[in-house]
Amino acid sequence: MARYKIVAGTASLKFANDVATILNKKVEDVKIGTFSDGEIDVNIINSVRGDDIFIIQSTCSPTNDNLMELLILVDAFKRSSAGEITVVLPYFGYARQDRKAAPRVPITAKLVADMIEKSGVDRVVTIDLHAAQIQGFFNIPVDHLLGSMVFVNYIKNLNLKNPIIASPDVGGVARARTYAKALNYDLVIVDKNRDKKNKSEVMNIIGDIKNKDIIMVDDIVDTAGTLTNAALALKKDGANSVLACCTHGVLSGPALDRLENSSLDRLAITDTIPLSKPHDKIVVLSATNIIAQTIDKIYNKESINTMFDNI
Ligand code: R5P
């Protein structure tokens, strides 16, 4: 009888263990190491012949090592005669390079999708891709979950007095609208002009935010420039409080210092990327439940559609 097994990549050890616990399972015994020159070595301890495999690995920093490890894991399972191989990418690195934003630049998100597919994967599960269209970079099924599945209840339970959803830039309006609809809140937009890589500049706020409790939503918080600049502008314009909900806490470079010194009251992220150290302003919510539910449904060949009700 076919079984399914949960495999943890080194970037998502805790996440995968938590998912396995929810599913009453243990993560599969796989040795992942490096040779003396840094090349990655993988050894699956027990037979997996015919078993369906769910490999959980976020391609977060160190992105290239984690990506390469994922590809090698897939290859090892394929060559061990596993059944269907599903890659669960709680965070899909390189997603922001999803189009030719300037002349003579790569579309690295497509390149990475090709590499993952070519390694022998049958299906991909992921959360809040930077642009939903990245699903089309794969020619295999992609189950694209939403960060709002984690955040909507959290926001509801805050019982904010004067809540309003904000998009920190024009590109995030579709995502922000999903939250506004699910929560039945109004929506405002911070019109941001980004002139250099990893630098952001707030231009103006579209909508009335006087005395409002702002919930800013985004897919990624990286250097935190976008959020902290937007929070400053929102507070200057009379917002009462500013909370940000960002699915993937990349939090690189100056992010933690910026948060510390910012007008942002709180940042809620999920555990798709492990948080390096606790921070007073950061709350971590778990996305393991939605991944566990999805794995269970995929294995049992059930629709995941009901998971999108009310979000
Ligand atoms: C941009 O389009 C993304 O949705 C995020 O707003 C951006 O990646 C955040 O980057 P940072 O935190 O470095 O401003």
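Procedures and definitions
Residues numbered from 1 in each chain as written. Predicted model: local features only at pLDDT ≥ 70, side-chain atom pairs only at ≥ 80, totals over all residues. Heavy atoms only, no water. Near = heavy atom within 4 Å. Polar contact = N/O pair within 3.5 Å; in protein donor to acceptor, adjacent residues only side chain to side chain. Areas by Shrake-Rupley, 256 points an atom, 1.4 Å probe, with all protein chains shown as cover. Helix = DSSP H or I, 4+ residues; strand = E, 2+ residues; numbered from the N terminus. Nonpolar A, V, L, I, M, F, W, Y, C, P; charged D, E, K, R; others polar. Disulfide = S-S within 2.5 Å. Buried < 20%, exposed > 50% of the residue type's maximum accessible area, 1.4 Å probe, protein only.

Here's the deal with the site of the ligand
Phase 1: Neighbouring the ligand are 14 residues, the closest being Asp218, Asp219, Thr223, Ala224 and Thr226.
Phase 2: Within the side chain of Asp218, a nitrogen or oxygen atom sits 2.6 Å from an oxygen atom of the ligand.
Phase 3: At 2.6 Å from an oxygen atom of the ligand is found a side-chain nitrogen or oxygen belonging to Asp219.
Phase 4: For the ligand, whose unbound accessible area comes to 380 Å², protein coverage reaches 89%.
Phase 5: Broken down by secondary-structure element, the contributors of at least two residues to the shell around the ligand are strand 11 (213-221) and helix 6 (225-236).
Phase 6: Take the shell around the ligand: its biggest share by element is four residues, from strand 11.
Phase 7: Partitioning the shell around the ligand into residue classes produces three nonpolar, five polar and six charged.

Topic: the state of the cysteines
Phase 1: According to the stated counting rule, one finds zero disulfides in the structure shown.
Phase 2: Free cysteine: Cys245, not disulfide-bonded; nearest cysteine sulfur from Cys246 at 7.5 Å.
Phase 3: For Cys245, a relative accessible area of 0% corresponds to the buried category.

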